[in-house]
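# Chain and residue survey
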Amino acid sequence: MSTVLTPMSDVFDDGSTVITRRELKALMKRSNKPGLRHLGVWLLLLCATSLIVWIAQIHVVLLVPAMFVHGVVVVHHFALQHECSHYTAFRSRTLCNTLAALCGFLLFIPPRFFRYEHCDHHTYTNQPGHDPEMIPLPKSRAQYWWYLSAIPYWRSQFSGLCRRATGNMTEDEKRFIPEVEEQAIVRESRIMLLGYALILIPTVMFSWTAPVIYWWFPLLLAEPVMRYIRMTEHVGRPTVSDRTLNTRTSKVSRLWRFLAWNMNYHAEHHFAASVPFHALPTLHDKLEGQLYVEQNGYWQAHRSIRKSIQDVE
């Protein structure tokens, strides 16, 4: 299945040229090498945090903090799934599809469904009633913290997965899922639920603890971190079609950039979604001064979001 997520462009809405098509085409070149190098270090980090969890079992008081640290790495599999959904993490489409499926299963995010949903997100970025991934600006501090708890997120994820497994899709979902793909989406949901059941049964019957301490609890503990990061991408930005305004880039440390597969350069990603993750820093430099950037990272982005909440309260 091939989905073009956003068209290439070399001009902004005012018609000013900021990067030539030749420069953009060079940045769009795909390769397996950067992705494989990144993936190799990623797996080493995942093994290291898993080892921390294993050691922490000796001292139970350390287990929850260890699972949280491990969980921060686990929830960032979303960044890899996202890149693979764009077919930009690797030149090999087979490798992209395989890793998107593995990450999607790990995170309870159906990869085929996500690809179609994300396509609409790029088409209607931050447009109320049209962007299926839009996170509305909270109307109060209570709503802000409620979203960051990740409870609404998990409720939506599980209910959506189960509902689609029964063949029931919402009108919004039917809008971005081609009719010929609906059965494939239903089948995907059923296969995922079957896979979870096959893991849950021995976990319950034979007290198999590995999925609990290395997967489920870390995921639950750290998902608020991912919610915190996802909010910085568009929340509080103008709900207009101008991509120089509706998307926010956050300058963060090298570790956070690594975990996010450079998706902190989110405004650059929305400017040209076909540019692979490893070329986004270069694109950022070429577009300097043209996009909205939070120089002090995620923390400063949330200060802006909370200020916007105060303005509407």
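Residues numbered from 1 in each chain as written. Predicted model: local features only at pLDDT ≥ 70, side-chain atom pairs only at ≥ 80, totals over all residues. Heavy atoms only, no water.

### Observations concerning the overall build of the protein
The helix and strand inventory of the protein stands at 15 helices and two strands. For 313 residues, the compact-globule estimate of 2.2 N^0.38 gives 20 Å, and the C-alpha radius of gyration of the protein, at 20 Å, lies within 12% of that figure. Reported as C-alpha extents along the three principal axes, the dimensions of the protein are approximately 65 × 50 × 45 Å. Scored against the burial criterion, the 313 residues of the protein give a buried share of 51%. (Helix = DSSP H or I, 4+ residues; strand = E, 2+ residues; numbered from the N terminus. Rg over C-alpha atoms; globule rule 2.2 N^0.38 Å. Buried < 20%, exposed > 50% of the residue type's maximum accessible area, 1.4 Å probe, protein only.)

### Section: the state of the cysteines
Counted according to the given criterion, the structure contains zero disulfides. Of the cysteine sulfurs around Cys84, a residue in no disulfide, the closest is that of Cys96, at 4.5 Å. (Disulfide = S-S within 2.5 Å.)

### Structural notes on the confidence of the model for the protein
Taken residue by residue, the protein gives an average pLDDT of 93. The fraction at 70 or more is 94%. Every residue in residues 1-16 is under pLDDT 50, and counting partners more than four places away or in other chains gives 45 contacts. (pLDDT = per-residue confidence, 0-100. Contact = heavy atoms within 4.5 Å.)

### Side note on the nonpolar core
Counting 58 residues, the largest nonpolar core has Phe90 and Leu283 as the members making the most contacts within it. Setting aside residues up to four positions removed in sequence, Leu283 forms contacts with Ile19, Leu24, Leu27, Glu268, Phe271, Ala272 and Val275. Within the second largest apolar cluster, eight residues are counted, among which are Ile135, Tyr144, Leu148 and Ile309. (Core = buried A, V, L, I, M, F, W, Y, C linked by side-chain atoms within 4.5 Å.)

### Remarks on the pattern of salt bridges
Enumeration over the complete set of coordinates arrives at 10 salt bridges. The salt bridge involving Arg112 is made with Glu181; its shortest N-O contact spans 2.5 Å. Within this pair, whereas Arg112 is found in helix α6 (residues 111-123), its partner Glu181 is found in the loop between α9 (171-176) and α10 (182-205), the two being separated by 69 residues in sequence. Since its relative accessible area comes to 13%, Glu181 is described here as buried. For the salt bridge of Arg163 with Glu173, the shortest nitrogen-to-oxygen distance reads 2.8 Å. You can see Arg163 sitting in helix α8 (residues 151-165) and its partner Glu173 sitting in helix α9, a full 10 residues away along the chain. Judged by its relative accessible area of 6%, Glu173 falls in the buried class. Ionic contacts of the salt-bridge type, sharing partners, join the residues Glu133, Arg230 and Glu233 into one network. (Salt bridge = Lys/Arg side-chain N within 4 Å of Asp/Glu carboxyl O.)

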